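Residues per chain, in single letters:
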Amino acid sequence: MQLGSKNAILSGASLSRWVDQTAVVHNAATMMNAGEPGITINATTGGHEQIHYKDDGGNESNIDINDTQVYLGLIAADVPVFKNPEKNRLGVAIFARVADRTRYTNRVNRMENIINEVDMPGVETYIGQYSLETEVKETTCALGWATRLSDHWSAGLVAAVLIRNQRHRENFNANVLADATQNPVVDLVSSFSDINMKLNFVMLQTKGSLVWQNGPWNLGGVLSAPTLSVWTGGDMVAQQELINFESAAGGERSNYLVSAYLQERKPVFKYPFSLGVGVSRQLDAVVLSASGTYHGKIERYI
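Residues numbered from 1 in each chain as written. Predicted model: local features only at pLDDT ≥ 70, side-chain atom pairs only at ≥ 80, totals over all residues. Heavy atoms only, no water.

1. A word on unusual backbone geometry
Here is step 1: The phi dihedral of Asn-183 falls on the positive side, at around 50 degrees, and the residue is not glycine.
Here is step 2: Tracing the backbone shows Asn-183 in the loop between β7 (153-177) and β8 (188-214).
Here is step 3: Of note, the phi angle at Asp-284 is positive, near 55 degrees, even though the residue is not glycine.
Here is step 4: Position of Asp-284 among the secondary structure elements: in the loop between β12 (274-283) and β13 (286-295).
Here is step 5: Assessed through its relative accessible area of 74%, Asp-284 is described here as exposed. (Helix = DSSP H or I, 4+ residues; strand = E, 2+ residues; numbered from the N terminus. Buried < 20%, exposed > 50% of the residue type's maximum accessible area, 1.4 Å probe, protein only.)

Dropping the structure here:
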């Protein structure tokens with residue numbers, strides 16, 4: 001979602017050369033090679049995603065997600081600075097860095113001997129259901145500045161604000177039903193758990209970049225600093241319920257209910273530093289571009 005209409009064709013490989021206004025996102029220094037002021041807009045109109053799940057029992061399933069909504073993924077623009085426009089240029093971009101949504105439900109219904117023969121003689125009916133709902137949205141607002149250092153060198157600096165929202169809900173319900181014809185002592189054993197969590201983050205990130213140009217050759221490099229936390233917040237509600245649960249082998253069966261509510265939490269999330277380099281060369285009407293990026297290690301994520 002960080003690629004413009006032209007840069008998307010190259011999958012972002014144009015780290016060393018200006019292709020469209022998304023240069024403010026990838027390498028601000030290349031804005032000095034831009035032509036007239038311009039704007040680019042990128043939107044997603046549809047998508048298909050398949051997620052594969054496998055549980056501890058070896059059961060496998062697939063979930064297909066078809067999304068036909070229109071999402072404005074990016075809008076970016078660059079303009080020359082009116083004072084000395086040949087040496088300075090400004091760029092701005094607002095884009096969806098992350099947009100992910102998952103809805104998954106799985107249900108199991110089978111006959112199995114789970115509970116001891118004293119409490120539940122014979123084979124029991126096991127019914128289990130699991131559901132997962134997650135949603136992550138992250139929007140970035142970036143402001144970039146580029147300046148020409150010499151005939152061959154240009155530099156750029158970008159300051160970005162990242163707003164990230166996460167929602168996570170996980171629910172599991174399991175029931176073991178006795179065979180009534182076997183005169184069971186316990187007719188039902190069940191477990192229920194529900195976790196509902198919301199997390200919000202506001203972060204700052206800066207990028208510095210250089211570009212060297214000589215004839216058909218372009219070299220570029222970008223260093224992204226780790227994100228700095230400005231504000232974090234979140235809360236979590238969790239509940240666990242056990243019916244006719246046997247805490248120890250041969251012990252009495254009891255009912256348990258535990259609930260917890262955590263509010264005004266300070267979760268931790270950060271992007272590590274990254275270093276990207278790229279090279280490109282123009283061959284008549286064809287431009288060859290290549291780039292690579294190294295991402296540092298995330299030390300802590302809570």
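2. Focus on the pairing of β8
Here is step 1: When β7 meets β8, the two strands line up antiparallel, connected through 25 bridges. Paired with Gly-156 across the bridge in β8 is Ser-209.
Here is step 2: Sheet topology places β8 next to strand β10 (residues 228-246); 15 bridges connect them, and they run antiparallel. Each residue of the ladder has a partner; that of Ser-190, found in β10, is Ile-243. (Pairing = 2+ DSSP bridges.)

3. Things to note about the nonpolar core
Here is step 1: Counting 20 residues, the largest nonpolar core has Met-31, Ala-93 and Met-203 as its most contacted members.
Here is step 2: Of all the elements in the fold, those that place two or more residues in this core are α1 (23-26), β4 (71-80), β5 (88-112), β6 (124-148), β7 and β8.
Here is step 3: Met-120, Val-176, Ala-178 and Val-189 belong to the second-largest nonpolar core, a separate cluster that totals 8 residues. (Core = buried A, V, L, I, M, F, W, Y, C linked by side-chain atoms within 4.5 Å.)

4. Details of the packing of aromatic side chains
Here is step 1: This structure, assessed with the given rule, holds 5 aromatic pairs.
Here is step 2: Ring centres of Tyr-104 and Tyr-130 lie 6.5 Å apart, and the angle between their planes is 55 degrees; this geometry places the pair in the tilted category. Of this pair, Tyr-104 sits in strand β5 while Tyr-130 sits in strand β6, and the two are 26 residues apart along the sequence.
Here is step 3: A residue is classified by how much of its surface remains accessible, and Tyr-104, at 8% relative accessible area, is buried.
Here is step 4: An angle of 80 degrees between the planes, with centres 6.2 Å apart, marks the rings of Phe-245 and Tyr-256 as edge-to-face. Of this pair, Phe-245 sits in strand β10 while Tyr-256 sits in strand β11 (residues 253-262), placing them 11 residues apart in sequence. (Phe/Tyr/Trp six-rings, centres within 6.5 Å; stacked < 30°, edge-to-face > 60°.)

5. Side note on the pattern of salt bridges
Here is step 1: Throughout the structure, instances matching the rule amount to 9 salt bridges.
Here is step 2: With its nearest N and O atoms 2.7 Å apart, the salt bridge here joins Arg-110 to Glu-112.
Here is step 3: Several salt bridges share partner residues, and in doing so they unite Arg-97, Glu-138 and Arg-164 into one network. (Salt bridge = Lys/Arg side-chain N within 4 Å of Asp/Glu carboxyl O.)

6. Considerations on the side chain of Ser-280
Here is step 1: Structurally, the position occupied by Ser-280 is in strand β12.
Here is step 2: What Ser-280 contacts, discounting residues up to four positions off in sequence, is Ser-16, Arg-17, Pro-216, Trp-217, Asn-218, Val-287, Leu-288 and Ser-289. (Contact = heavy atoms within 4.5 Å.)

7. Regarding the environment of Ser-190
Here is step 1: Take Ser-190: it is sitting in strand β8.
Here is step 2: The exposure class of Ser-190 is buried, given its relative accessible area of 13%.
Here is step 3: Between the C-alpha atoms of Ser-190 and Asn-244, which are 54 residues apart in sequence, the distance is 7.1 Å.
Here is step 4: Setting aside its immediate chain neighbours within four residues, Ser-190 contacts Ala-174, Asn-175, Glu-241, Leu-242 and Ile-243.

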